[in-house]
Structure formats: structure tokens, C-alpha cells
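Residue-level listing of the chains:
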Amino acid sequence: MFPRRWRFGWDRHTEVDLFTDRHETSAQTLSQAIRAAAAEEPDADGSVLFGHLQGTVVGLRYYTGVVNQGEMVGLVRQPQNPYDSNAVMVANIYGNQVGHIKRELAAAMASIMDRNLAKVEGVVHSGTKNSFTMPVMISFWGKEENKTTVTEIMTRRGYKLNTGSRPTGANQKPNNSQGARALASKKGLTIALTAEELKNAFDNLFEGLMESKDGEKEAAKAVGTPLLLHQKQALSWMCARENKSTLPPFWEKRGELYYNSLTCFSAKEIPERVRGGILADDMGLGKTLTTIALILTNFHKGKPLPVEKCEEQASPVKGKTKPPTASRLEGSISAGDRAGVSDAAAGSLSSHLPQVEVISVDPPDVAEIVGKTDKSTSKGKMKATKRKPSKEAPVLLEDLDFAAALGGSASDSGSKKKKTATKSAPTPSVESFITESADDLSARTTLIISPLSVLSNWLDQFEQHVRSNVKLNVYLYYGSDRNRSKRFLSSQDVVITTYNVLSADFGNKSPLHEINWLRVVLDEGHIIRNPNAQMSKAVLGLKTQRRWILSGTPIQNSVKDLWMLLAFLRLKPFDVREWWNRVIQRPVTQGDRDGLQNLQTLVRCITLRRTKGSKVNGRPLVCLPDKTVCVEQVELSQSEREEYELARNEGRSTISRYVAEGTVLRNYADVLAILMRLRQHCCHPDLLAKTSADLGAAATPAELRERLIEKLRLVLASGSDEECSVCLDSVRLPVITHCAHVYCRPCIAQVIGTEQNVARCPLCRSEIKTNELVEFPQEEMEEEKSTNSEKWRTSSKVQALMGNLLRVRCEDSSIKCLVVSQFTRFLSILETPLREHGFTFVRLDGTMSQKRRTQVIQEFQSSAADSPAVMLLSLKAGGVGLNLTAASRVFLMDPAWNPATEEQCIDRCHRLGQTRNVVVTKFIVKDSVEESMVKIQRQKQDLVEKAFGSTNTDRKTSRIDDIKALMEL
DNA sequence: ACCGCCGGGTGCC
DNA sequence: ACCGCCGGGTGCC
């Protein structure tokens with residue numbers, strides 16, 4: 001009798017769940033259980049298929065979960081099951097239980113699952129209509145080293161793992177490479193992608209994800225800054241993603257059911273929509289502004305956020321001073337403001353005047369509600385909790401935005417005619433609406449989570465882009481005295497905090513995790529890519545209706561990075577790691593084209609990305625001012641020329657000897673040093689001092705090596721831009737091999753890694769080992785800056801630069817200049833004449849701390865009268881993101897091997913935000929190695945443009961050719 | 001009759 | 001479950 005009674009208990013339990021909250025509790029608890037199990041989900045990477053076997057799902061009649069033909073099911077251990085501690089539950093995608101695995105098999109599986117020896121997965125191919133049992137295909141995946149153990153365990157219990165090819169996924173599609181190849185031969189289908197193709201596919205995954213049909217949308221009136229065309233498109237897209245109830249990718253309606261074509265799962269209820277997405281525009285295209293516009297434009301039901309308007313225009317919002325009237329709100333609002341964020345921002349936050357008036361853009365019902373709730377809360381601020389949907393919801397077609405929202409598409413650009421709105425708003429289909437009942441209209445607040453470093457930027461941008469007469473409640477949730485009142489926070493329009501604060505609060509009665517947000521925005525969302533990080537968990541724990549990720553670089557390393565983003569967006573069913581792994585990650589990493597195709601579809605559906613180069617209707621998103629590049633030939637003085645020729649002849653004879661011997665590559669370090677010396681001669685004689693270590697005759701090969709490496713250290717430490725012959729780009733994280741060749745560490749590591757036996761240097765075929773690679777700081781600290789002005793002397797190139805700088809200053813003293821060199825010591829030399837001629841300047845090189853860099857850039861970018869006019873910039877300093885738009889003249893003091901490096905540098909000022917025409921001057925010494933370098937640069941560019949097909953060997957010989965050409969041999 | 005066989009009751013873990 | 005298994009009813013051909 002006992003078991004029977006217990007079964008009643010179990011049944012009653014589920015029944016109670018069904019009664020109380022069908023869609024929440026029962027499904028939720030199970031899916032939570034699965035989610036919890038999935039948290040331990042091992043990485044699918046590197047797992048191999050051990051084999052598969054047919055099993056049986058029993059007890060179907062006790063559960064409500066149904067499955068379709070070909071549907072993937074989850075196999076979840078149930079150690080607490082009172083009948084059998086080995087129990088394995090079978091559940092569908094939504095976490096609804098389907099049944100159990102038959103006892104004996106479950107026992108075998110349990111011993112494997114509990115010891116984490118394999119990940120066990122199920123697919124149901126037939127018998128889905130059965131009432132009592134159904135067959136299930138069970139496959140075992142895990143680390144290679146566990147394969148025999150797993151096979152043994154199963155064999156011991158009488159289960160044989162089949163290893164032949166078989167359908168692994170839904171739809172009987174092969175998603176492992178063997179299967180794919182086997183099929184390929186039969187059906188002429190695709191074969192697995194190569195690693196190369198895969199990498200390219202990732203790189204391009206996010207490219208060009210502009211949904212062309214989305215039209216544009218004007219921002220609400222409260223947005224003071226006019227949006228650019230592409231920003232209106234983004235706004236339109238974002239509003240549509242928040243308002244329209246399009247099914248998530250791979251879901252389709254089949255009769256009464258919603259069906260997922262990848263997992264073959266179907267459900268009666270509409271899958272939870274992703275209300276939000278990834279805005280992955282390039283930096284500088286205005287993600288922040290677009291987001292601010294979204295907040296103000298798309299409140300509930302597609303209407304603008306009800307904002308109060310200040311009667312008086314008195315508040316000097318743009319100023320840095322705190323308005324005197326701020327006192328009332330100050331106490332509550334600015335509690336955390338001062339924790340290190342700019343005064344200007346804090347000023348704006350508390351600058352709202354008490355006298356308020358509802359802006360009339362809102363339909364009457366909303367206005368009324370605002371009026372009512374106004375007094376119900378403290379101090380005249382709006383509170384949203386009492387807000388309720390108005391039943392009648394009068395449709396005001398005068399409200400273009402709203403009409404557009406009704407029509408399910410945004411307004412045409414510029415078509416402001418009311419009749420357009422009326423016409424283009426056909427009877428809205430139920431489909432295109434938010435299910436209003438499911439909407440919590442009481443949610444008001446947008447929570448923005450950002451890295452600390454850009455926190456102040458948000459505040460600045462709110463201030464800059466929100467009309468100064470609009471009272472937007474923005475609260476900075478930061479600092480030890482931050483206001484943790486839920487009531488207070490959820491009455492704000494916007495709450496901004498950092499990832500660190502969020503994760504510090506998490507699990508600690510965090511108010512942020514109890515509030516029902518209207519919208520959560522993750523700025524630089526790619527930083528939450530590690531699902532195990534506390535930060536990520538804290539982000540996933542937030543309750544919100546709409547979710548956005550802003551990121552210029554959504555994928556940093558691999559597909560894996562994407563999961564966290566999809567999980568945050570709650571993209572069903574991939575927010576559960578198992579489905580993501582099974583349907584996307586594993587197929588993709590194994591090179592399955594369908595998997596990649598699915599991934600692309602997935603990403604495409606939720607992402608908008610435009611790059612600086614993107615075009616809309618054939619026109620670039622943003623028009624940059626002109627850029628002119630000119631070369632200025634520099635003639636060496638007689639004494640300089642003599643010194644140069646001396647060095648050249650010496651070097652030439654050495655190198656021609658190497659060429660004759662065919663040992664150029666073996667003596668590469670020496671060759672580079674010779675070239676370096678010549679290049680330094682072209683700039684300034686004093687550059688040579690430290691790099692002229694004499695090679696001399698070395699006693700032992702080891703000693704020789706030592707010296708070669710030392711020589712290379714000097715070459716690289718001087719800031720020279722050298723090329724890695726693996727990636728053919730400028731070396732990044734340079735390392736020197738024992739044979740004295742320079743590569744990027746990742747590049748050479750890959751070369752060594754892919755070699756089965758002994759790895760050989762790509763340049764000279766010497767044996768190389770990882771532990772023999774010599775590393776050094778990217779740019780070594782300059783030796784004491786003893787370029788004392790007494791011994792200081794000029795050079796032709798210095799003269800040429802100074803002439804230009806003086807001329808520019810004479811013509812227009814507001815023009816700022818970048819002076820760029822590969823040689824940081826050259827920059828030091830240049831400081832003397834700059835000072836002499838009264839130029840204010842700053843310097844940016846690789847040795848500076850991140851903090852100092854930002855400081856310098858800020859100083860330089862300032863438009864203040866006493867801000868620096870010149871920046872001395874080391875060619876490789878800073879990343880690509882550097883913004884130096886204050887400058888409009890660029891002087892490239894010396895040519896780089898890699899023209900792309902120069903381009904990158906120029907792009908730091910010729911980019912979004914540049915208002916002036918940019919003039920670039922390259923100084924090239926006539927009849928010198930520099931001229932030859934320019935020639936080679938051009939050839940390289942041609943090569944790159946003609947074909948990517950040049951192999952490594954081609955490049956190696958061309959490197960020798962380069963050197964011969966440089967020395968005119 | 002301490003068996004075989006029949007047929008009804010019953011059924012996940 | 002159109003099964004297997006259990007256990008009661010039954011019993012030559």
C-alpha cells in the first residue's frame with residue numbers, strides 16, 4: 001500500500017501545481033530543475049560521441065509532456081526519486097516531464113551520469129503517440145579518455161553502445177562530420193567546414209545584419225538630438241523588436257500549435273518572445289543615443305515615455321554648475337551620484353524643477369494616469385505601480401508613432417501626413433500585438449548596466465540628448481550610500497549601475513533583482529560571456545520585460561560567447577545550455593554547415609549591426625570629411641647623407657654576402673638591425689646610439705643566439721613596426737625564436753601546436769620549442785630621457801616637421817596635429833623643438849598606463865583654448881578604438897612595413913566625429929631605404945587587393961625580395 | 001495440485 | 001499493454 005499512497009502524493013503534487021498556476025509553477029519548477037542541472041552542464045567542446053543505443057521511455061501516461069517525432073528530449077537524473085535513486089527523467093524542451101527511462105537502463109545511465117563520465121542525450125524518433133512507453137535514441141558524449149570506461153559500464157550491464165553513424169539530431173539530419181560525409185557521398189550534400197572556413201564564418205557572423213525592411217522611426221519629442229538616418233532605422237528596429245510579437249527563430253505556427261523546427265518541439269502556448277536583441281553597431285554609430293531614444297520613445301503600447309516638462313527653462317542643464325533648485329530631489333537622487341562620476345552629470349540629475357506639466361504627446365489616458373499617480377507618491381515624482389491598462393485605449397491616429405506601431409511597421413521616413421498613418425494602419429492582426437494581458441504595465445524603469453569606465457558617458461549622453469526642459473528621472477545606483485529602496489528605484493525612468501555593483505548586490509537582498517524592470521540594457525554586453533562568473537549569474541537573475549545587449553564586438557573568441565547573450569535574451573529554447581550545446585554549439589564546432597546556418601539565422605533574427613563602412617541605399621551611414629594624403633620628400637643634409645651612405649654601404653655588403661650565401665633568413669636579426677639603422681638615420685642620428693650593438697665574432701652558437709636576440713630586442717623595443725610572417729600583419733605580443741625570428745605569440749603557438757612532431761620555424765626551418773620563445777614587453781620603458789637639450793641637435797626630418805607645424809599654426813591655430821613615429825625615442829627628440837617653439841603637446845605611447853592614456857586623450861580632445869595642439873603618438877600605441885578626432889592633421893614621421901598600421905593610425909582621427917578635412921603628411925627621405933619601403937608597401941597593397949591566395953612560402957621569398965629591394969641588390 | 005494451464009487484474013520510477 | 005507479470009482459480013480426455 002505504501003508505494004501507492006506515495007504515488008498519490010506525487011500525483012497530487014502535480015495536480016496542485018496545475019491548479020495554482022499551470023504555466024508558471026509546474027513547468028517552471030521542472031525547468032528550473034533542468035536549468036539548475038544545466039548550470040553544471042559541462043562544456044560541449046571537445047566531447048566526442050561514444051555511441052548510442054535504443055532505450056525505452058516508460059510511464060508516459062502519468063505525465064502531460066508530449067513529444068513530436070524527431071524531438072530532442074532532456075534526460076535528467078532524479079536521485080531523490082523515492083522508488084529508485086537511479087531514476088532518469090525524460091523531459092521535453094519546455095521542461096515538461098514525458099516519462100522515465102526504464103529502470104535497468106536508468107541504473108546503468110545513472111552510474112555514468114553521476115560520475116560525470118558522459119553527457120547523455122535523447123531523441124525520440126517514433127512512438128510519440130504511444131500511451132505507455134516509447135523508444136528513445138540515447139547517445140553518450142564525453143571526453144575521449146572516458147570512452148572506454150563508459151562503454152565498459154554499459155557493457156557490464158548488458159547494453160551495447162553502437163558506434164555506427166546514425167541520426168544524431170532532430171530531423172534526422174547528420175550533424176557530425178562522419179555522418180555528413182557519408183551523406184555527402186550519397187546525396188551530394190555538403191561536407192564539414194574546415195577550421196579556416198569556420199573562423200571566417202564567425203568573423204562574418206555579425207556582418208551586415210541590417211534588416212532592410214524596417215524603415216525608420218522618429219524619436220519622441222523629448223529626445224533633443226536629431227537622429228541620423230541609421231539611428232532612426234535602429235530605433236524603428238528596436239521598437240519593433242519590443243512591440244511586435246514575431247516568433248523567435250525556428251518557431252512556426254502549425255495549426256493550433258507552435259513548432260520549433262530545430263528541436264521538433266511543439267507547444268500550445270506561444271513561445272516566450274524575445275523582446276529585445278543585440279544592437280551590435282560599430283562604436284561611434286550612436287548606440288547610446290539610439291538607446292536613449294528607445295527609452296523615451298517606446299514605453300508601453302508603443303507610446304512615448306510619459307515625461308514631465310519643466311515650465312521654466314531656467315535650469316542650466318548643460319552647464320557644470322548645480323542648479324540652486326535641486327535641493328528637493330537632491331536628498332534622494334544624488335545619494336550615490338557623487339561616487340566618482342562627473343559633476344556635470346550629477347548636476348543634470350538633480351536639475352529637475354518641481355513644477356511639472358505633462359507633455360501633451362501622450363494620449364489622454366496616460367496623461368490622466370500620470371496626473372493621478374503623481375500625488376499618490378512622494379514629492380511629485382511619478383510612480384508607476386498603480387498604472388493600469390486603460391480598457392478603451394483610444395487610438396489617436398494623430399500620433400504618428402503610435403499609428404505606426406499599430407500598423408506593425410514603422411512610419412516611412414519623412415511621411416508625416418496623417419492619412420499615411422491612417423492608411424498604413426490596417427486592422428491590426430492579433431499576431432502583431434503584444435499580448436497585453438501578459439504585459440505588466442506597471443513596469444516603468446529601464447535598468448542600464450555598464451562597465452564603470454563608461455558610466456559617466458551614459459550620464460553625459462542623457463544630459464546631452466534629452467531636451468533640457470524634460471524631466472527624466474535618472475538614478476545612478478552606485479556608491480556605498482546608494483538608495484536601495486525598491487519603491488524608489490522602480491519609480492525612476494532610468495536606473496544606471498555597473499556590473500560590479502549588480503553582482504555585489506546579487507544574492508544579498510538585491511533590490512535590483514526584485515524589481516520588475518521594463519527594460520534591462522547591458523552596455524558592452526560581451527563582457528558577461530563567462531556563464532560561470534558571478535556577474536553573469538547576477539545579470540540572468542534580473543526580472544524584466546525587455547532585454548537589450550549593446551556591444552560593438554558580440555563575439556570575442558568563439559561561438560561559446562554567444563550562449564550567455566542568448567540566455568540573457570531568453571531566446572527559447574537556447575537559454576537552456578543543453579539545447580544550445582546540442583543544436584548549435586556542438587554541430588558548429590564540428591563544422592556542420594546546417595549548424596552554422598542555424599546559428600546565422602539565430603543571430604540574424606536578433607541582431608542589428610552596422611559598421612562604419614555600411615551603406616544604406618548605396619549611401620554610407622555617415623559621411624566623413626575628406627582625407628588627403630600627401631608625401632613630403634625630405635632631403636638629407638650633406639653630413640646626414642654621408643653618415644647614411646656609410647651605413648648603407650656597410651649594410652649592403654653584409655646583406656649581399658648573406659644573399660649570396662643564401663643565409664638571409666638565418667641572419668634575419670642582423671638584416672633587420674641593418675635596415676633599422678638605416679631607417680633611424682633617416683629620422684635622426686641620435687636614434688642610433690642604443691641599437692648599434694656590435695655583433696662581432698661569437699664564440700659559440702649559443703652566444704650568437706644570445707646576441708641576435710638582444711639585437712632583436714633592441715629593434716623591437718625601439719617601437720619599430722615589424723611583420724609577423726605567419727599572419728603577415730604587424731606583430732602583436734611579439735616573441736623571438738631561438739633562431740632569432742619574430743612572430744606574434746599566438747601565431748607561432750599555433751604553428752607549434754599544429755605540428756605533430758617537431759615544430760620548425762616558418763622562416764628558417766630551425767627547430768622551435770614553446771619554452772624557448774623569448775618574450776618582452778610590447779614597448780619597453782624608454783631608457784632615461786637624457787636627451788638633454790644641450791646636446792640636442794636637429795635633423796632634416798625634424799626641420800621638415802617643424803616647418804609644417806609652424807605653417808599650420810600660422811594658418812589656423814585651432815588645428816590640432818598628430819605626430820606619429822614608430823620610434824618612441826624619436827618622439828622624445830621631437831619634444832625639444834616643440835617646446836622651443838611654444839607648442840603645447842601631449843604624448844601617447846605604449847608605456848603609459850591605461851589611466852594615464854585616457855587622461856591624455858581627454859586633454860587632447862578638449863576644445864579648451866589651452867588644450868594641447870600636438871600629440872606625439874607612437875604608431876602602435878593604443879588599440880583600434882582610440883578616438884583622436886580633435887586632430888585634423890597627421891604627420892607620419894617614418895614609413896611602416898605594414899601600410900595597414902599607418903591606415904589604422906590615420907583612422908583614429910579620420911573617423912566619426914571628425915568635422916574638418918583631414919590632411920595626412922608622410923615624410924619620406926629621398927633616395928633612402930624609406931623610399932624603397934614605400935614601393936614595397938604599394939606592392940603589398942596590390943598583392944592584398946589582387947588575391948589572398950599568396951601562400952606562406954610566397955611570402956617568405958617575397959620577404960627576401962623585399963630586403964634585396966630595400967638594399968638595392 | 002509442493003504442478004501446468006487458464007484468464008482476469010494490472011501496469012514508471 | 002494486441003504485451004509480461006502476478007496470483008487466484010482450477011484440474012484427465
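In what follows, the structure referred to is the one given above.
Just so we're clear, the structure is a prediction, and the values are computed from it rather than from any experiment. Each chain has its residues counted from 1, following the order in which its sequence is written. Following the order in which they are written, the chains are lettered starting with A and the ligands numbered starting with 1. In keeping with the predicted nature of the model, local features appear solely for residues at pLDDT of at least 70, side-chain atom pairs appear and are counted solely at 80 or more, and the whole-chain, interface and lining totals rest on all residues. To obtain the side-chain values, all non-hydrogen atoms of the structure were used and water was disregarded.

Caption draft 1: Spatial organisation of the overall build of chain A. Counting secondary structure elements, chain A contains 29 helices and 32 strands. Counting all 969 residues of chain A, 55% fall into the buried class. Note on definitions: a residue-residue contact is assigned when non-hydrogen atoms from the two residues lie within 4.5 Å. Within chain A, residue pairs in contact and separated by at least 24 positions form 74% of the contacts whose partners lie at least 6 positions apart. If you sum the accessible surface of chain A, you get close to 43400 Å²; carbon and sulfur atoms cover 51% of it. Every helix listed is a DSSP run of H or I at least four residues long, and every strand listed is a run of E at least two residues long, numbered separately from the N terminus. A 1.4 Å probe rolled over the protein chains alone gives each residue an accessible area, and that area as a share of the maximum for its type sets the label: buried under 20%, exposed over 50%, partly exposed in between. Accessibility throughout is a Shrake-Rupley quantity obtained with a 1.4 Å probe, and a residue counts as covered only by protein chains that appear here.

Caption draft 2: How the structure looks around the sheet that holds strand 23 (residues 734-736). Strand order in the open sheet made by the 3 strands is 24-23-27, with antiparallel pairing throughout. The open sheet terminates on both sides in strands that have one partner only, identified here as strand 24 (742-744) and strand 27 (774-775). Strands are treated as partners if at least two bridges between them are detected by DSSP. In terms of strand pairing, strand 23 meets strand 27 through 2 bridges, oriented antiparallel. Opposite valine 735, over in strand 27, you have glutamate 775 as the bridge partner.

Caption draft 3: A look at the sheet that holds strand 13 (residues 446-450). In spatial order, the strands read 15-16-13-17-18-10-19; together these 7 strands make up an open sheet with parallel pairing. What marks the edges here is a single partner per strand, and that holds for strand 15 (474-476) and strand 19 (607-608). As paired elements, strand 15 and strand 16 (residues 494-498) share 3 bridges and run parallel to each other. The residue bridging valine 474 from the neighbouring strand is valine 494, located in strand 16. Along the sheet, helix 6 (residues 229-243) makes contact with strand 10 (276-279), strand 17 (516-522), strand 18 (543-550) and strand 19, crossing strand 18 at roughly 150°. With axes taken as lines fitted to C-alpha atoms, and helix axes fitted only over the stretch in contact, angles between N-to-C directions fall between 0 and 180 degrees.

Caption draft 4: The environment of serine 725, seen in detail. Here serine 725 lies in the loop between helix 22 (701-717) and strand 23. For serine 725, a relative accessible area of 7% gives the class buried.

Caption draft 5: Region of interest: the environment of leucine 540. Relative to the elements of secondary structure, leucine 540 occurs in helix 16 (residues 534-540). For the pair formed by leucine 540 and leucine 569, sequence separation is 29 residues and the distance between their alpha carbons is 8.9 Å. Apart from residues no more than four positions distant in its own chain, leucine 540 is found in contact with Met564, Ala567, Phe568 and Arg570.

Caption draft 6: Quick peek at the protein's contact with DNA strand B. What makes a residue near a molecule or strand is one non-hydrogen atom of that residue sitting within 4 Å of it. Around DNA strand B, 13 residues are found, and the nearest of them are Arg61, Tyr62, Tyr63, Asp84 and His100. Atoms of DNA strand B within 4 Å of the protein belong to the sugar or the phosphate in 48% of instances, the rest to bases. Nitrogen and oxygen atoms within 3.5 Å of one another constitute a polar contact, given that in protein one can donate a hydrogen and the other can accept it, and given that sequence-neighbouring residues count only through two side-chain atoms. Separating a base nitrogen of DNA strand B from a side-chain N or O atom of tyrosine 63 is a distance of 2.8 Å. In this structure, a phosphate oxygen belonging to DNA strand B sits 3.0 Å away from a main-chain N or O atom of arginine 103. Classification used: nonpolar for Ala, Val, Leu, Ile, Met, Phe, Trp, Tyr, Cys and Pro, charged for Asp, Glu, Lys and Arg, polar for all others including Gly. Split into classes, the residues belonging to the surface near DNA strand B amount to 6 nonpolar, 3 polar and 4 charged.

Caption draft 7: Expanded view of helix 23 (residues 745-754). All buried positions along helix 23 are accounted for by Cys747, Ile748, Val751 and Ile752. For helix 23, the angular spread of the buried residues around the axis is 130°, confining them to a single face. Across from the buried face of helix 23, at angles greater than 90 degrees, the exposed residues are Gln750, Gly753 and Thr754. Buried residues in helix 23 make contact with strand 23, strand 24, strand 25 (759-760) and strand 26 (767-768). In this context, the arc is that of the directions from the helix axis out to the C-beta atoms.

Caption draft 8: A look at the packing of helix 20 (residues 638-661) against helix 21 (residues 668-683). Look at helix 20 against helix 21: their axes get within 10 Å of each other, and the N-to-C directions meet at 165°. As summarised for this structure, helix 20 and helix 21 are arranged roughly antiparallel, according to the angle between their axes. Taken as a pair, helix 20 and helix 21 cross one another with a handedness that is left-handed. Of the residues in helix 21, those in contact with Glu643, Tyr644, Ala647, Arg648, Glu650, Gly651, Thr654, Ile655 and Tyr658 of helix 20 are Asp670, Val671, Ile674, Arg677, Leu678, His681 and Cys682. Class assignment of the residues belonging to the contact of helix 20 with helix 21 gives a composition of 8 nonpolar, 3 polar and 5 charged. Oblique is the label for any angle not covered by the other classes, which are roughly parallel (under 35 degrees), roughly antiparallel (over 145) and roughly perpendicular (65 to 115). Each crossing gets its hand from how the near helix is turned against the far one by less than a right angle, where anticlockwise is left-handed and clockwise is right-handed.

Caption draft 9: A look at the pattern of salt bridges. We define a salt bridge as a side-chain nitrogen of Lys or Arg found within 4 Å of a carboxyl oxygen belonging to Asp or Glu. This structure, assessed with the given rule, holds 31 salt bridges. The partner of glutamate 121 in a salt bridge is arginine 586, and the shortest N-O contact between them spans 2.8 Å. With a gap of 465 residues between them, glutamate 121 in strand 5 (residues 119-124) and arginine 586 in helix 18 (residues 577-589) connect regions that are remote in the sequence. No difference in accessibility class separates glutamate 121 from arginine 586, as the two residues are buried. Aspartate 812 is the partner of arginine 916 in a salt bridge, and the nearest nitrogen-oxygen pair spans 3.2 Å. Of the two residues, arginine 916 is situated in the loop between helix 27 (899-907) and strand 32 (918-925) and aspartate 812 in the loop between helix 24 (796-811) and strand 28 (816-821); the sequence distance between them amounts to 104 residues. The class of arginine 916 is partly exposed, set by a relative accessible area of 29%. Through salt bridges with shared partners, a single ionic network connects Lys119, Glu121, Glu578, Arg582 and Arg586.

Caption draft 10: Spatial organisation of the pairing of strand 10. When strand 10 meets strand 18, the two strands line up parallel, connected through 4 bridges. Across the sheet, leucine 279 pairs through a bridge with leucine 550, a residue of strand 18. Summarising the sheet, strand 10 and strand 19 pair through 2 bridges and their orientation is parallel. Looking at strand 19, one finds that isoleucine 278 is bridged to threonine 607.

Caption draft 11: Representation of the packing of helix 2 (residues 103-114) against helix 3 (residues 147-156) within the structure. Where helix 2 meets helix 3, the closest approach of the two axes is 10 Å, and the angle between their N-to-C directions is 155°. Here helix 3 runs roughly antiparallel to helix 2, going by the angle between their axes. Every pair of crossing elements has a handedness; the one defined by helix 2 and helix 3 is right-handed. Two secondary-structure elements touch here, helix 2 through Leu105, Ala108, Ser111 and Ile112 and helix 3 through Val150, Ile153 and Met154. The residue inventory of the contact of helix 2 with helix 3, partitioned by class, reads 6 nonpolar, 1 polar and no charged.

Caption draft 12: Summary view of the environment of threonine 133. Within the fold, threonine 133 resides in strand 6 (residues 133-142). Placed 73 residues apart in sequence, threonine 133 and leucine 60 show a C-alpha to C-alpha distance of 5.9 Å. In contact with threonine 133, other than residues within four places in its own chain, are Thr56, Val57, Val58, Leu60 and Gly127.

Caption draft 13: Fine view of the nonpolar core. With 97 residues, the main nonpolar core has Leu296, Phe462, Ile496, Phe574 and Leu599 as its most contacted residues. In terms of residue count, the dominant contributor to this core is helix 17 (residues 560-569) (8 residues). In this entry, domain limits derive from an automatic or database-based domain assignment. Counting contributing residues per domain, this core is built from domain 1 (2-185) and domain 2 (212-611), each supplying no fewer than three. In these notes, a set of buried Ala, Val, Leu, Ile, Met, Phe, Trp, Tyr and Cys residues joined through side-chain atoms within 4.5 Å is what counts as a nonpolar core. Ranked by size, the runner-up nonpolar core spans 76 residues in total, among them Leu665, Leu716, Ala800 and Phe826.

Caption draft 14: Unusual backbone geometry, seen in detail. Of note, the bond from lysine 572 into proline 573 is cis; its omega dihedral lies within 30 degrees of zero at -5°. Here proline 573 shows up in the loop between helix 17 and helix 18. Unusually for a residue other than glycine, phenylalanine 250 sits at a positive phi of about 75°. Inspection of the secondary structure assignment puts phenylalanine 250 in the loop between helix 6 and strand 7 (251-254). Residue classification places phenylalanine 250 among the buried residues on the basis of a relative accessible area of 14%. Phi at cysteine 264 is positive, roughly 65°, even though this residue is not glycine. By the element assignment, cysteine 264 lies in the loop between strand 8 (257-260) and strand 9 (266-267). The class for cysteine 264 is buried, based on a relative accessible area of 1%.

This is a description of form; function is not addressed.
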